[in-house]
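# Coordinate analysis (summary)
Each chain, written out:
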Amino acid sequence: MNQIHHTVFNQERDRAFDHPFSFKEKGTYLVKITAHAKSWWQNTKIGRSFLQKDSLTLRIDSKEIISAFFKKRLRASDIWNGNVLQGHELTAYIVLALDEGNHIFSFDVYGKPYIGEFSVTQISGSDIKVENLKCSPRDRIPWLTFLINEGISLSSLSITAKAPRSGKDDDDLKLLIDGVTEKNTDTKAHRDWYWCGKALRGEAKTFTRSFSDGKTLRRFDLDGDGAPTIQSIIIRIATHSHTRIPTLEDPKWTGDFRDDPDNIILARGIFGEGRSLPELGKIGIGWVIRNRIGYAQWGNTYHEVILKPLQFSAFNKSDPNRIFVEDPSRDSTQREAWRECYRIASSIIQGGISDPTKGANHYYSTYIKPPSWTKGATQTLKIDNTLFYRVPQKAKRAVFPIVFLAFIMIVAGVFASEASRIKSRDLDQESSYFKEYIADNSVAVYYSCGTECMGVRVFDEKTGKQKAEFNYGVGYIWSPDRRRFAAFHSSAGHGFTVGNGKGEVLFIYTKPLENSFDIPNFGQWSPDSSKFAVVIQDSETEYELFVVWGFGGATRVTSVRIPSAQTYVIEWDPTSRFVSVNNDAAILEVDESGYGHRYSEN
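All figures in this text were calculated on a predicted structure; none of them were measured in a lab.

### Brief notes about the packing of aromatic side chains
Scanning the model with the defined rule gives 28 aromatic pairs in all. When the ring of Phe107 is compared with that of Phe118, the centres are 6.1 Å apart and the planes differ by 80 degrees; the resulting orientation is edge-to-face. With Phe107 in strand 10 (residues 101-110) and Phe118 in strand 11 (residues 114-123), the pair connects residues that are 11 residues apart, well separated along the chain. Comparing Phe107 with Phe118 shows no difference in burial state: the two are buried. Note on Trp478 and Phe485: the rings are 5.4 Å apart at their centroids and 65 degrees apart in plane angle, and the pair reads as edge-to-face. Aromatic ring contacts, followed pair by pair, group Phe9, Phe17, Phe21, Phe23, Tyr29, Phe105, Phe107 and Phe118 into a single cluster. Over the aromatic face of Phe17 sits the side chain of Arg13, whose NZ or CZ is 4.0 Å from the ring centroid. Geometry around Phe324 places Arg275 over its ring, the cationic atom sitting 4.4 Å from the centre.

### What about the packing of helix 4 (residues 262-274) against helix 5 (residues 279-292)?
Packing of helix 4 against helix 5 leaves a shortest axis separation of 9 Å and a crossing angle of 125 degrees. As far as their axial angle goes, helix 5 and helix 4 are oblique. Viewed along their axes, helix 4 and helix 5 form a crossing whose handedness is right-handed. On helix 5, the residues touching Leu266, Gly269, Ile270, Glu273 and Gly274 of helix 4 are Lys282, Ile285, Gly286 and Ile289.

### Let's talk about the confidence of the model for the protein chain
For the protein chain, mean pLDDT is 79; residues scoring 70 or higher make up 79% of the total. Residue range residues 67-77 is modelled with pLDDT below 50. Its contacts to residues more than four positions away, or to other chains, number 36 contacts. Counting contacts from residues 410-424, a segment whose pLDDT is below 50, to residues more than four positions away or on other chains yields 16 contacts.

### Remarks on unusual backbone geometry
Generally, phi is negative for residues other than glycine and the peptide bonds are trans, each holding for most cases. Of note in this structure, Asp440 is not a glycine but carries a positive phi near 60 degrees. Note on placement: Asp440 falls in the loop between strand 26 (434-438) and strand 27 (442-448). Judged by its relative accessible area of 47%, Asp440 is partly exposed. Positive phi is not limited to glycine here, since Asn441 has a value of about 55 degrees.

### Observations concerning helix 5
Here helix 5 contains 14 residues, and its C-alpha end-to-end distance of 21 Å stays within 8% of the 20 Å for a straight helix at 1.5 Å per residue. Summarising burial for helix 5: 11 of the 14 residues are buried, a large majority. Of all the residues in helix 5, the buried ones are Gly281, Lys282, Ile283, Gly284, Ile285, Gly286, Trp287, Val288, Ile289, Asn291 and Arg292. Gly294 sits one or two positions beyond helix 5 and adopts a positive phi of about 100 degrees.

### Topic: the packing of helix 4 against helix 8 (residues 335-349)
At a closest axis distance of 8 Å, the pairing of helix 4 and helix 8 adopts a crossing angle of 125 degrees. Taken together, the axis directions place helix 4 and helix 8 in an arrangement best described as oblique. Here helix 4 and helix 8 pass one another in a crossing that is right-handed. Here helix 4 contributes Asp262, Asn263, Ile264, Leu266, Ala267, Arg268, Ile270 and Phe271 to the contact with helix 8, which in turn contributes Ala337, Trp338, Cys341, Tyr342, Ile344, Ala345, Ser346, Ile348 and Ile349. Counted by class, the contact of helix 4 with helix 8 contains 13 nonpolar, two polar and two charged residues.

About the cut-offs
- Residues numbered from 1 in each chain as written.
- Predicted model: local features only at pLDDT ≥ 70, side-chain atom pairs only at ≥ 80, totals over all residues.
- Heavy atoms only, no water.
- Phe/Tyr/Trp six-rings, centres within 6.5 Å; stacked < 30°, edge-to-face > 60°.
- Helix = DSSP H or I, 4+ residues; strand = E, 2+ residues; numbered from the N terminus.
- Buried < 20%, exposed > 50% of the residue type's maximum accessible area, 1.4 Å probe, protein only.
- Lys NZ or Arg CZ within 6 Å of the ring centre and 35° of its normal.
- Axes fitted to C-alpha atoms, helices over the stretch in contact; angles between N-to-C directions.
- Parallel < 35°, antiparallel > 145°, perpendicular 65-115°, else oblique.
- Left-handed = near helix turned anticlockwise from the far one by under 90°.
- Contact = heavy atoms within 4.5 Å.
- pLDDT = per-residue confidence, 0-100.
- Expected span 1.5 Å × (residues − 1).
- Nonpolar A, V, L, I, M, F, W, Y, C, P; charged D, E, K, R; others polar.

Here is the structure:
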């Protein structure tokens, strides 16, 4: 294998962006992307956003990266999903068959996911080998995802990994192939964890399987608990003559409309349904399709909405327009209409054309009898003989959870004062609105204790009995080993507090409330959980990097003045020896001694 491209981003992104790349030859390529994303709760409790998760979706040449999983096709956003990752990094390896020439990797961003690196490796031969992978500490969180895309089938898979026992706990590694968990038959092991530290005690174990079905669009995932290691992953593939991707100039379908990029499938819909309409009519049809996205009865993507049976007649196999949907270029007299439909589709997807239909989700032609759905609907637009209607629908899928969670949080805030007086309770009776696992078989339960206060109750997971209760701020960031936390806006003044799962304070820094104070970045723990760094603004132009080195009797603090900036990215060296702060002006590094620092202009 030969790496032909490598880009290091190491930054949060809050808007979609493209990453163009040119391939010199047709072939099979391995794309590697690392990213991590926070959950809606993590973003809410640090005040970055309200009930909004981070997620990241990848498209190549406007086509979503998809895989077969749980008997349905999933988008890449299902991989980098903050509610699943909970702030942890996940690495995705995507095996693709691509033609030579220019290609665009498009990243669709929701919230502020952190993107690490992006690389492309050309695969020669039939074997893909990845070696020496170390999982950063996590608690039953996805770690690696492999996607085998169109035109490529999986012949065999071999994974050799180690899962040692760490103190009272053990490291574990779970393998899922197309959504099915590989079971562990060892009676001493956890059943759903193929590599179980309790049984292996640090010894290596190999999983092997052959695949003879020739199936493409495969996916396998590895979830980590603790910090297991992988010695090698060997994937043997068979490359077929891969599917052509339809384009504006060559739009003939491949036999599967799912091979279309979004702008092609939407252009087909507009062309098949309304190529004889004036420009505004074509735009109206495109917006009706877009307005259906996100509703349970229609689907979450352009493909799902357009290909849903008996919705758009041009896609019915018996419809005379079907031949024009399959090949819009078949009639030379209509090629200009196809180009116009393609231009309109691309503009609608990119947000370049506003909705003239005022939210319409249905239309029909006046030469047919009014459909039954027109009763109770609102006509919003008429173009020639086409009438557009807005038919009332149930709320989109995402609305109910958000409203429900908001209601739960409000109720929790109202009753928190009384509830916090109860010092002994069982976990199964706890009604607070968020729980997360921490170290020592414990569960942290959060509850509101006021506008600027969030309390934490710690329970024993096995017995359900309460072990501790404390409230040091409105945001909590746990260390990678889940044994310590950093909390912000402490009750003694504005600042941050470092404590442990027992609620004991290990370090506290405060400023009087009357002073100007802000924390533009909510800090970062070192990979080994022994150090914590945070940038603090204590006046209009004064910023400092605070680093807490060690805890307990050996605790010491380093404070270094740094230039002001709008945002900061804090990053630790993988060995935890030094921390760097990267902003739009400079890079600052503080070494392990806690005294000197290195400073360089960007």
